[in-house]
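Here are the chains, one letter per residue:
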Amino acid sequence: MTTGTTKLAGVLGWPVSHSKSPALHGHWLARYGIDGAYLPLAVKPEVLEQALRALPVMGFRGVNITVPHKEEACRLCDTVDPQAKKIGAVNTIRVEEDGSLFGWNTDGIGFLRNLASNSGWKGPAGPAVVLGAGGASRAVLAALVETGVPEIRLVNRTVEKAERVAAEIGGPIQSMGFDSVEQAMDGAALLVNTTSLGMSGQPPLDISLDTLPASAVVTDIVYSPLETPLLVMAEGRGNKTVDGLGMLLHQAAPGFAAWFGREPEVDQELRDAVLAG
């Protein structure tokens, strides 16, 4: 039950009914006994600016941004974190005391924290291979560059797009086509799938892992299914694997702390609650 003092936040997207964020933040609010509410906000693209400008008036402390609004939200925020500018997308917004909107991107933070907590992977250990050059890839690439990965091999069906993304992100990124994916995996310490291939309802990710070292960590940023065919294949040959759900959980923590004033914990209880929700 909301009151006049309830702290409000939410997730803004179109559609938004599929989002697991309300279950995630709702679990934290209940766990910590916070007088807060986290609401799904279905907003059509053509009224995004009006919706964002209404947040301070409606008493919202901030929102998460999901598809298809991340890039446009980056342009509409009054102030944007430098990393989010480089990525070109905002997934978290905080309403400042003066009513202005500050946007940042926590996908990279979520990606790195998920990797570290579930695999012990350390950035400078060796080359990383990133499959795909879409929006999610940009956040992953920026995070890998920032953490000091010595070499990043960006593999995409369209090499020209990969080259453009590499130039915009900067750092030690080498662009390659999917016809060179086995060459890219040779000697790699990390393999990241940022494409939708292998996701429920999507075509499979048709690659061989024969050239990937058994010591490499393999992660898929999608979490539907939780164990993608890529992760199953990697586990079968002895690679350490990390599913994509942890990235969702960890990327949510900075926003929750900003809106509700409490650093939340990511643990098995939270995973279970989100999967059940």
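The model shown is predicted, which means the values in this text are computed figures rather than measured ones.

Enquirer: How do you make sense of the nonpolar core when you look at a structure like this?
Expert: Note on soluble globular proteins: their nonpolar side chains tend to be buried together. By size, the foremost hydrophobic cluster in this structure holds 27 residues, and its most contacted members are Phe111, Val130, Leu141, Leu144, Leu154 and Leu190. Those elements that provide at least two residues to this core are helix H5 (107-119), strand S7 (128-131), helix H6 (135-146), strand S8 (152-156), helix H7 (159-169) and strand S10 (190-193). The element that contributes the greatest number of residues to this core is H6, accounting for five residues. Once residues within four sequence positions are removed from consideration, Leu190 is found in contact with Phe111, Leu115, Trp121, Pro127, Ala128, Val129, Leu144, Ala216, Val217 and Thr219.

Enquirer: Sorry if this is basic, but what is going on with the pairing of S10 here?
Expert: Consecutive residues of a regular strand have side chains that alternate between opposite faces of the sheet. The two faces of S10 match: Leu190 and Val192 on one face and Leu191 and Asn193 on the other face are all buried. Sheet analysis places S7 next to S10, joined by four bridges and oriented parallel. Directly across from Val130, in S10, lies its bridge partner Val192.

Enquirer: What is the right way to look at helix H10 (residues 245-260) in this model?
Expert: Each α-helix turn comprises 3.6 residues. Residues three or four places apart therefore point the same way. Taking 1.5 Å per residue, 16 residues should reach 22 Å; H10 reaches 22 Å between its end C-alpha atoms and fits that length. Ala253 marks where H10 bends most, by close to 25°; the proline Pro254 follows one to four residues later. The buried fraction of H10 is high, at 15 of 16 residues. Two residues or fewer after H10 comes Gly261, characterised by a positive phi angle close to 75°.

Enquirer: Please clarify how the pairing of S7 should be interpreted in this entry.
Expert: Burial along S7 is two-sided: the face carrying Ala128 and Val130 and the face carrying Val129 and Leu131 are both buried. Sheet topology places S7 next to S8; four bridges connect them, and they run parallel. The partner of Val130 across the bridge, within S8, is Leu154. After leaving S7, the chain enters H6 and then returns to the sheet as S8, a path that is right-handed.

Enquirer: Help me understand helix H2 (residues 48-57), please; the structure alone is not making it clear to me.
Expert: Of the residues making up H2, those classed as buried are Leu48, Ala51, Leu52 and Leu55. Buried residues of H2, viewed axially, fall in a sector of 100°; they line one side. Exposed and oriented more than 90 degrees from the buried face of H2 are Gln50 and Val57. Contacts from the buried residues of H2 go to strand S1 (7-13), strand S3 (60-65), helix H3 (70-76), strand S5 (92-95) and strand S6 (101-104).

Enquirer: What is the right way to read the environment of Val145 from this model?
Expert: The residue Val145 is located in helix H6 in this model. Here Val145 falls in the partly exposed class, since its relative accessible area comes to 22%. Residues Val145 and Pro127 lie 18 residues apart in sequence; the distance between their C-alpha atoms is 11 Å. Ignoring any residue separated from it by four or fewer positions in sequence, one finds Val145 in contact with Ile152, Ile169, Gly170, Gly171, Pro172 and Ile173.

Enquirer: Just to check I follow, could you spell out the packing of H5 against H10 for this structure?
Expert: If you want to describe how two helices pack, look at the angle between their axes and the distance between the axes. Direction vectors running N to C along H5 and H10 enclose 125°, while the axes themselves pass 7 Å from each other. Judged by the inter-axis angle, H5 sits oblique to H10. For the pair H5 and H10, the sense of crossing is right-handed. Taking contact as the criterion, the partners of Asp107, Gly110, Phe111, Arg113, Asn114 and Ser117 in H5 are, on H10, Gly246, Met247, His250, Gln251, Ala253 and Pro254. Class assignment of the residues belonging to the contact of H5 with H10 gives a composition of four nonpolar, six polar and two charged.

Calculation criteria
Residues numbered from 1 in each chain as written. Predicted model: local features only at pLDDT ≥ 70, side-chain atom pairs only at ≥ 80, totals over all residues. Heavy atoms only, no water. Core = buried A, V, L, I, M, F, W, Y, C linked by side-chain atoms within 4.5 Å. Buried < 20%, exposed > 50% of the residue type's maximum accessible area, 1.4 Å probe, protein only. Helix = DSSP H or I, 4+ residues; strand = E, 2+ residues; numbered from the N terminus. Contact = heavy atoms within 4.5 Å. Pairing = 2+ DSSP bridges. Expected span 1.5 Å × (residues − 1). Bend = angle between axes of the 7 residues up to and from the residue. Right-handed = clockwise from strand over helix to strand, strands pointing away. Arc of directions from axis to C-beta. Axes fitted to C-alpha atoms, helices over the stretch in contact; angles between N-to-C directions. Parallel < 35°, antiparallel > 145°, perpendicular 65-115°, else oblique. Left-handed = near helix turned anticlockwise from the far one by under 90°. Nonpolar A, V, L, I, M, F, W, Y, C, P; charged D, E, K, R; others polar.

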